[in-house]
Amino acid sequence: MAKLASELAKTPRKSVSLNMKNDPKITIDIPQCSKGHSSSDKSQLKNNDKSEFLSTAPRGLRKRLIVPRSHSDSESEYSASNSEDDEGVAQEYEEDTNEDILSQKIQAQNREVSAPVFRETPSKKMKREKTSHLVEKYFEAHSSSKVLTSDRTLQKLKRAKLDQQTLHNLLSKVSPSFSAELKQLNQQHEQLFHKWMLQLHLGFNIVLYGLGSKRDLLERFRTTMLQDCIHIVINGFFPGISVKSVLNSVTEVLDHVGTFRSVLDQLEWITNKFKEDSSLELFLLIHNLDSQMLRGDKSQQIIGQLSSLRNIYLIASIDHLNAPLMWDHAKQSLYNWLWYETTTYSHYTEETSYENSLLVKQSGSLPLSSLIHVLRSLTPNARGIFRLLIKYQLDNQDNPSYTGLCFQDFYQQCREAFLVNSDLTLRAQLTEFRDHKLIRTKKGTDGVEYLLIPVDNGILTDFLENEEEEL
Amino acid sequence: MATSSVSKGCFVFKPNFKKRKISVPIEDYFNKGKNASEDSKLRFETYQLIWQQMKSETERLQEELNKNLFDSLVEFLQTSHSGLWKNSKDWSCEIKLREIPTAALVLGVNVTDHDLTLRSLTEVLQNNVTPYVVSLQAKDCPDMKHFLQKLVSQLMDCKVDVQSKEKESVQVIQKNVHYSMDSLSAWYMSVTQKTDPKMPRKKRTSSSQWQSPPVVLILKDMESFTTKVLQDFIIISSQHLHEFPLILIFGIATSPVVIHRLLPHAVSSLLCIELFQSLSCKEHLTTVLDKLLLTTQFPFKLSEKVLQILTNIFLYHDFSIQNFIKGLQLSLLEHFYSQPLSVLCCNLPEAKRRIRFLSANQCENIRRLPSFRRYVEKQSSEKQVALLTSDKFLKEETQSLLENLHVYHKNYFLVLRCLHQFTSSLPKYPLGRQIRELYCMCLEKNIWDSEEYASVLQLLRLLAKDELMAMLQNCFKLFQSSSGKELGNTAKKIEEFLAQFQSLDAETKEEEDTSQSQSKGLQKTDLYHLQKSLLEMKELRSTSKRQTKFEVLREQVVSFVDSLVREYLLPPDTQPLHETLYFSSAHTLRQHLNAAPRIALHTALNNPYYYLKNEALRSEEGCIPNVAPDICIAYKLHLECSRLINLVDWSEAFATVVTAAEKMDANSVTSEERNEIIHARFIRAVSELELLGFIKPTKQKTDHVARLTWGGC
């Protein structure tokens, strides 16, 4: 990856500087760079002068980078992308591409650019190999159980995890690029608003796809077109969303008081209501129809049925790569979609803000600050009990089959430390922890309760360190 | 923003009632989008008119096509039901009493169309057989309780529809929360008795079975029902059959074998199954095309590419008529929406009237039509000037052109059908088996230039007499049935041909005689002479073979067909003003109906220049410049990895790329802070990729993520 990175790092300059780089010093550099694996490579790169490494172009890599750009022949033509070090092949390709337009450059630079190989190769052959290649790629990726990656972890990096707020602050400092082009893209989409309204009224529903958050676009659609209509905005990315809440908000619009026995009953009631009163019109805007919470079969079925009502107009956005797989033919005909591609390149700020994102401090499991916060409000005894559990868990962190501390053992330990005097008091304490989601209990195969803290071990270590400092 | 919150996912916006009343009519959306285009209101009205006509036409067709099936179903229901209520002393009847009459209705894989079919079936049954028709779907009946509940509530509804008087009794039962077969049969008894209270009991058994109409239960998607529910229901209801006359109809998408796969023998033996097959969806499509597009009834036409796309979606994706109609609707809408001259897309007298009221702008639009320009270029120079300057002259000319266009279509479809008669039964079907294939070819280009057409002519020249005559007969009927005068001669000509063929019979006999007399001339000679005379005869025969009257006639017929084709089957884009009637924007149609979100996503990530036309983003194949959006860079880097990705390596690689990009513009921020920012950008890019489904967190190794795609994408 480091190779690719250095490669990408220099791309924009390349076209300008290609011909100037006949410097023998650089050509000597190349073999060094293209050998070896990423980690060693990286250290080497780091030692190098920045400007020098920018101008290097490892050969084997260059080949790997070459991916056909065509829009239509998508997925499978990247046959060259994953192959490991194949200098020989690269050599061959270079010979093949002698007639290439870039061949002069190649000669001039003495193999520095190994040229867009696939552009010139006959596409027929490629296509025949297309499917088999794709299959091979799958097995290549999943054949061996062990994967070779470096063992470095984020713990060692100081700026490992940021919380949502700092992340937001930091990102606000980044000046957006290509704003003119983005604006133009957005304007193109906005011109479609009237058409959307028309098509919605004529019984179609609209689904938006394409890279970038479509939230702002839909929001603009809402503010410009829907001000005088009844409409419901549904944030599919909201972690607590469910079909039930969607239906509830529909019934709220219809001024229904009372509850329903089941979702199906509710749906039926809504259907009847809309059939009775044809003057009723309702716009549903769903951001991320393909979100975790809504993508289930039943949810989709119900939303589909809702959208198939004549006076409910649905406009939704999808983002996930495999989102269309949610719908079989029956559901698709319920939805009666018209697809619109709205690539916006906007950032998914709102959509990812709820998410327990990989590098953002996790909110579902407990972050350090809240751990400390909760524990401070507890009695010293309770803190002691919890510390016991933490220590036990940390002692066992290298044990892969560790399932938790057995309740009896825990009780024994607590007694020995004079923290509790009966197992009832311990249970009372544990309930408190459980309410704060500090522990999780699991029944083992032998029927015994096991206690586990569902928090990252790293955080626990930090927590212990913190505690000791305070003491 | 009003629509983001950490505690709520749904936001209801309800403007106050007064405001809501001023709702915008749909037509306004039609014209506002395109800034003040011409005649938008008229166009929208025309759209709605044509669409309504097309829709009712398709519904009518559907009904017609299903008529046979429904008739036989109704007959089956009636006979099976009457059998059920005959005197039950007979032993065989006793057995029969245990068997629920069942119709297995094989509907084909186009699940989306089933709904419509079954709905009209329900209607037919309600009109002809019994008021008690209930249809259930698998998704409503996860268990027995729900099954019965749905059944009962729908039955009550049926009742209410038929006789609103009985509301009281209905309500009484509806309160009953506990649904059981017993209560059902009790209800049934009460209802049937109530309907004819005057009728004495004895009479009922004998005279007509309709005092006790059967209850028909339609299971819409039999395959997806839980087997347990089905089995239980069948067993229970077979016990109650004598007091609750049930008839089942299974809607089956796959094959009838599925019944036996779902139900064990013990259960299926309780059913008396009869199989019914619905019309195949392909035939359905052919009829729809035939009645909607290959006719002059509707002025709206599809271009070759559009038709191809619609049929391809049908044949390769879903076999769904409903979707095909949807595509048709969309193309109709797009046509009227995007083409200002589509205002002329209506029947001829109306179009002529509308031409008179065309505005100056619209006249300009006409002049701008490529087909019209081509037409103008062919005219004499005075006429050219007149056409380009005088609106009045232009309108007159447009009227006559439009008239020509209508005549052209009339002839076109006749000749197309005629040609189809000739080509549809040829070996290997060089021009396709279905008329839609032939139509597509004719729309695309001059069909007589194609190789297939040449081979068709070849094959026609080899046809036997009776085949040829049958074809001619059919064509004759075709031409006769049409009232058009333009092709009146053709019908006459075909009739002549037919007469000639018939008279041939007599002549051939004579010919045979002559050949026989020739053979008599063969006399005893020596070998040399024999050979010589044989050779002569061979030559004679080969020449005479071309000369047989039948062959001459056949040749004439073929060339006659050929001339017809060349004269009338010109592709529509040769006709001036064809743009007013033909919808040709295949691209939009494909985009909206058969979209490829995955490809769009990949293109956006892999080649941002495609969307953001900034020169800085232009790059050679496969590379992306380091100034590209963060997510593109992260994506590109992740493509290099195999199944697992180390986040640290990834982030460093990302930082390398991004710092290189930033170096170019002067940066005043301190390096530590800059690193922080870059890290934050990386985090954002990664979580976006996670949202898009390219990666997911994994526990396999610390600080690793799993890649969810392989290969290039």
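Here the residue index of a chain counts from 1 through its sequence in written order. Starting at A for chains and at 1 for ligands, labels are handed out in the order in which the entities are written. Given that this is a predicted model, residues contribute local features only at a pLDDT of at least 70 and side-chain atom pairs are listed and counted only at 80 or more, while totals for whole chains, interfaces and linings are drawn from all residues. For side-chain calculations, the full set of non-hydrogen atoms in the structure is used, while hydrogens and water are omitted.

If you look chain B up in an unreviewed UniProt entry, it shows as Origin recognition complex subunit 3 from Bos indicus x Bos taurus. UniProt positions are given in the numbering used here, feature names are shortened, and annotations may be inferred rather than shown by experiment. According to UniProt, the comment filed for chain B under the heading Subcellular location (unreviewed entry) is "Nucleus". The record held by UniProt for chain B lists under Subunit (unreviewed entry) the comment "Component of ORC, a complex composed of at least 6 subunits: ORC1, ORC2, ORC3, ORC4, ORC5 and ORC6. ORC is regulated in a cell-cycle dependent manner. It is sequentially assembled at the exit from anaphase of mitosis and disassembled as cells enter S phase."

In the annotation of an unreviewed UniProt entry, chain A is listed under the name Origin recognition complex subunit 2 and assigned to Bos indicus. Quoted straight from UniProt, the Subunit (unreviewed entry) entry for chain A says "Component of the origin recognition complex (ORC)." On record in UniProt, under Sequence similarities (unreviewed entry), the comment for chain A is "Belongs to the ORC2 family."

The next thing to look at is the overall build of chain B. Along the backbone of chain B there are 31 helices and 11 strands. Each residue is placed in one exposure class: buried if its accessible area under a 1.4 Å probe, protein chains only, is under 20% of its type's maximum, exposed if it is over 50%, and partly exposed if it falls in between. Residue burial in chain B is summarised as follows: out of 713 residues, 50% are buried. By the convention used here, residues are in contact when the closest approach between their heavy atoms is within 4.5 Å. Summarising the internal contacts of chain B: among those between residues at least 6 apart in sequence, 74% fall at separations of at least 24. Each helix is a run of H or I in the DSSP string that is no shorter than four residues. Each strand is a run of E no shorter than two, and both are numbered from the N terminus.

A few words on the pairing of strand β11 (residues 704-707) of chain B. All names here are of chain B. Of the two faces of β11, both are covered, the one formed by H704 and A706 as well as the one formed by V705 and R707. Here the rule is simple: two strands pair whenever DSSP picks up at least two bridges between them. One ladder, built from 3 bridges, connects strand β9 (residues 644-646) with β11; its direction is antiparallel. Within the sheet, the bridge partner assigned to L644 lies in β11 and is A706. The sheet contact formed by strand β10 (residues 695-697) and β11 spans 3 bridges and is antiparallel. Along β11, the bridge assignment pairs K696 with A706. Turn length for the β10-β11 hairpin, with the two strands adjacent in sequence and antiparallel, is 6 residues, and the turn residue D703 shows positive phi of about 55°.

Across the sheet, 6 strands lie side by side as β5(A)-β1(A)-β4(A)-β3(A)-β2(A)-β1(B); this open sheet has mixed pairing. Among the strands making up the open sheet, the edge pair consists of β5 (337-341) of chain A together with β1 (10-13) of chain B. Each neighbouring strand pair of the sheet contributes to a mean axis angle of 15°, computed without reference to strand direction. Of the strand pairs in this sheet, strand β1 (residues 205-209) of chain A and β5 of chain A are connected by 5 bridges, and their pairing is parallel. In the sheet register, N205 of chain A faces β5 of chain A, and the bridge partner there is W337 of chain A. Axis definition: a line fit to C-alpha positions, over the contact stretch in the case of helices; interaxial angles, taken between N-to-C directions, run 0 to 180 degrees.

A separate point is unusual backbone geometry. Residue and element names in this part refer to chain A. The phi dihedral of N336 falls on the positive side, at around 55°, and the residue is not glycine. Along the chain, N336 falls in the loop between α17 (329-335) and β5. For N336, a relative accessible area of 19% translates into the label buried.

UniProt's entry tags residues 182-341 of chain A with the feature "domain: Origin recognition complex subunit 2 RecA-like" (unreviewed entry), counted in the numbering of this structure. In residues 182-341 of chain A, helix accounts for 45% and strand for 17%; the two terminal C-alpha atoms are 15 Å from one another.

Glancing now at the environment of I286 of chain A. All names here are of chain A. For I286, the location among the structural elements is in strand β3 (residues 282-287). Put simply, I286 and D395 are 109 residues apart on the chain and 47 Å apart in space, counted from C-alpha to C-alpha. Discounting residues that sit within four places of it in the chain, I286 has contacts with L218, I234, L294, I303, L314, I315, A316 and S317.

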